[in-house]
Amino acid sequence: MRRKLLFSLIPSILFILVVAGYATNWYSSRYLTQALQRTAQVQNLSQAREMEQLLDYFRLSVCDLAKATPGEDEFRAAFRHWSVYHPGVAVEISFIGINTNESSIMVRTRNGLAAIRPDQYNFIKGSPVSEALKLRGLKPGVVQLSRLTEVVYPPLAFEQQAGPQNFVLYRLTTPVHDAQGALRGYLVLGLDSQALRNILSLYNSPKSPLYAFARTSETRFSYFFDDQGWILFQSENLEDPDRELSVEFARLGMTGDFGMSEYSKAFRPLPKHMGYWRMVVDVQAGRVGADYVSPGQEAEGLLSADHFVVYAPVLFNSNPERGPEIIGGVAYVDRSRLGDAAEFRHLDVMLIITFSGMALVACVIVFVSRAITKPLHELAAEIRTMFENKTLRQIRLDSRDLESTLLTRALNKMIYSIQEKQELIRRRDEQIHQVQQREKVSFDSEVPASVGWRLVGDIPDLVGQSQAIVTMQSMIRKAASTSADVLVVGETGTGKELTAEGVHKFSNRADKPFISINCGGLDENLLMDTLFGHVKGAFTEARNDRKGAFLASDGGTLFLDEIGTATDKVQKALLRALSVRRIRPLGSDQEIEFNVRVIAATNVDLMELVQRGEFRDDLYYRLKVITIQTPPLRQRKDDIPVLANHFLRELATGTGSREFGLSRGALEKLLEHDWPGNVRELKNCITRATAFAEGEVLYAEDLVFDDASVSPVSLFGDSPQAPAQSYERSLSAGEQAARREHEASEPEGDPGQQGAAAGRAGGAAGKLHGAMGYNGHSEAAGAAKGQPEPKAANGLEPGGNQRFQVALRLAREQGSFSRLDYQRAVGAEISQRTAQYDLQVLVKGGMLRKTGRGPATQYLLA
């Protein structure tokens, strides 16, 4: 739960904090940006108002000058006045009279104010004469502002000017009338556009009237555009006031048209630059504003992607009756790091708040989850203890909350249900197992290993189809194809002599004698005489000649079993005979050749005997030309069903009696045994079982292994444990395991359980005593002879035999009884499982019989 709370609440809270941080950062950045925009708008409006004031100043000056009689003296006086208040702004003044003789043009040069020769008026590019002619019909008091115009005065226009004079001018034009109101001509004043540009440069420099603090080095600039959207000039370095006009920065990131008819350096962006044209439309409507503008690829090195532009219109009061008119606008491109710094600081604060909040929430979750999950952990510990102890029991917890109490109750109900189901399943499995254990095995269909069992050649006892037998068969055939001597190694009862017979029968000596000598069954002298023979008179008892085994098996095979028991004298004689292939019978002076294949067999490790000096190494290597290993039965248990079926058929054929079957329990018992006596032990076990079996099927209790067999005295003597031990050995491994599991499942200290083992032993004893005709009672098997056990509080002795007496008494008195009746009669100290097992022992022992199934099961006297 702690992990779920951490993984659910912390991400949720983190998400909320992140969203809140993002929202607050967005709003704070937005309002901070608005504040920066407003600050930039103040500067931009100041630039626009400064340009308006300058133009209005010269408009008024032109109106005042038009009221007087225009002449060179008046022009010089006006220039002196303007140079005091606005030096360098006015660069050209002219009077274009209706009478051309009255026309006069004066231009400010490096040498002062110079008059233009009248014969050069037509050679002036952007001549004021042409400007005046365009404006015929102006009313008195109206001042017309021209478009930005490039003006070039040729050198000949000046009397003392070496080169041409170039200007980019705004011209203010107003009509001049005489005292009678008749139009005399037009007064034209040319203003240097650099003066207007220098206003923008001033406000973008540290000398700005609005300068309050040092700003970072980001690129900032202003530019002026007319009401048609032509960008005319931009701010420059204030330290270079005479620098030519340009629009280099203003046009970055935009494409468009260069040059209009009057001014070649003007630039107008294409309509695709929607942000710029929205600004122009706002200015045309007289609105101020701000907008984010993307700088484009060309301006990436100079402008940031998040820079903004503020703009304001520039007004000119051309006609006082009509009011000011918009002649263009000033745009200010600003980029401040204040917003970034504020965002970084905001992120730092949010990061601190987030980590602190996460730590606080984590601590709260840990403490709260501990309080919530403590009962659950206690409950889990109880269940874990049950699993470790492999027991199911009711859970008891001191729960203080409703949820834990409800969960504990639900688990206890589930545990009770599982216990009932387990007990039911155990009973059914036990019944099914008991029935299956006593079912007859069908070797032809249910045991695939027995289908198609085969023999090696004509040897009926060498049976099997396991890989070990297949390998041994192959070795026998290969060894039979040669004439070399063979050493057969294997445990007792694995078929060493049968292997030797197989080698003989598959060889080219099959029609010759096969003689078998057991070297361990004869003493040294008798073995020597048996092997090598003697002549008449060789010793007192030698009344006739005797060939011996070597000569008797001439042309055939001589099998020497248990060669490891041969004495040193016998080993020497065998070594010489095998080396020279000749023997000298006892008492004879002549050596006789023989043609015999020798097959030796042993159940011991000859090499170990050689190392101990008990067997000659030269004889060992003489015999060990070909070695055949006979596998023990425990290594080829797959052959046990085949062998058991073969022996049962063989016994039926040999005795002429019925053929016995084998139950599943008996087959399991055969498969679980290790068979130290190998195939011989298996055959003896089956033979013994068929001799004492009462029916046509051999059950597990009919099989008694050689190492578990006991004499009648030990089985039915005075020892009270002997019958139970014999009965225990007669059970199959599966039945023994089930019984041990049952005994282990009983809790320690249970009086009923303490007596269960003795009771079962007594039941087994009673069964065996009854079967053999003894008159002993079950009490004698439940306690040591002459040593009565102490009685319990309910009057019963703790041994199981006393409980059996209760069961038998119930059967005699009531005719039949149930398991619950038996538990009530014995007492509360006996568990349901122990009572069930006691009754099963009595049924198996033949004392009781069972009728019905499930809860309707009843027990009666057999």
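Just so we're clear, the structure is a prediction, and the values are computed from it rather than from any experiment.

Q: Give me the pairing of strand β6 (residues 165-177): which residues, what numbers.
A: In terms of residue burial, β6 counts as a mostly covered element, since 11 of its 13 residues are buried. In this sheet, β6 lies alongside strand β4 (residues 144-145) in antiparallel orientation, the contact comprising two bridges. Within β6, the residue paired with Gln 144 across the bridge is Thr 173. Here five bridges tie strand β5 (residues 149-153) to β6, and the two strands are oriented antiparallel to one another. Bridge assignment links Glu 150 to a residue of β6, and that residue is Val 168. Hairpin connection between β6 and strand β7 (residues 183-192): a loop of five residues separates the two successive antiparallel strands, and Gly 181 in this loop has a positive phi of roughly 90 degrees.

Q: Would you mind going over the sheet that holds strand β22 (residues 597-602) in detail, with residue names and values included?
A: Read from one edge to the other, the open sheet built from five strands follows the order β18-β19-β22-β17-β23, with strand pairing classed as parallel. Every other strand in the sheet has two partners, leaving β18 (514-518) and β23 (626-630) as the edge strands with one partner each. When the angles between neighbouring strand axes are averaged without regard to direction, this sheet yields 20 degrees.

Q: Residue-level account of the pattern of salt bridges, with values.
A: All told, the structure shown has 35 salt bridges when counted by the stated rule. A salt bridge links Arg 634 to Glu 491; the shortest N-O distance between them is 2.4 Å. With Arg 634 in the loop between β23 and α15 (640-655) and Glu 491 in the loop between β17 (486-490) and α9 (496-506), this pair connects stretches of sequence that are 143 residues apart. Since its relative accessible area comes to 26%, Glu 491 is described here as partly exposed. A salt bridge links Glu 608 to Arg 612, with the nearest nitrogen and oxygen atoms 2.9 Å apart. Of this pair, Glu 608 and Arg 612 both sit in helix α13 (residues 606-612), four residues apart, which is roughly one turn of the helix.

Q: Explain unusual backbone geometry to me, using residue names and the numbers behind them.
A: Phi at Trp 675 takes a positive value of approximately 55 degrees, unusual for a residue other than glycine. Of note, Trp 675 is situated in the loop between α16 (664-672) and α17 (678-692). You will see that Asn 678, though not glycine, has its phi angle at about 60 degrees, which is positive. By the secondary structure assignment, Asn 678 is in helix α17.

Q: If you had to explain the packing of helix α6 (residues 338-389) against helix α7 (residues 402-437) to someone new, which residues and values would you point to?
A: The contact between α6 and α7 brings their axes to 10 Å, and the two run at 20 degrees. Relative to α7, the element α6 is oriented roughly parallel. The handedness of the crossing between α6 and α7 is right-handed. Taking contact as the criterion, the partners of Pro 375, Leu 376, Leu 379, Ile 383 and Met 386 in α6 are, on α7, Ser 404, Leu 407, Thr 408, Leu 411 and Ile 415. Tallied by class, residues from the contact of α6 with α7 come to eight nonpolar, two polar and no charged.

Basis of the calculations
Residues numbered from 1 in each chain as written. Predicted model: local features only at pLDDT ≥ 70, side-chain atom pairs only at ≥ 80, totals over all residues. Heavy atoms only, no water. Buried < 20%, exposed > 50% of the residue type's maximum accessible area, 1.4 Å probe, protein only. Helix = DSSP H or I, 4+ residues; strand = E, 2+ residues; numbered from the N terminus. Pairing = 2+ DSSP bridges. Axes fitted to C-alpha atoms, helices over the stretch in contact; angles between N-to-C directions. Salt bridge = Lys/Arg side-chain N within 4 Å of Asp/Glu carboxyl O. Parallel < 35°, antiparallel > 145°, perpendicular 65-115°, else oblique. Left-handed = near helix turned anticlockwise from the far one by under 90°. Contact = heavy atoms within 4.5 Å. Nonpolar A, V, L, I, M, F, W, Y, C, P; charged D, E, K, R; others polar.

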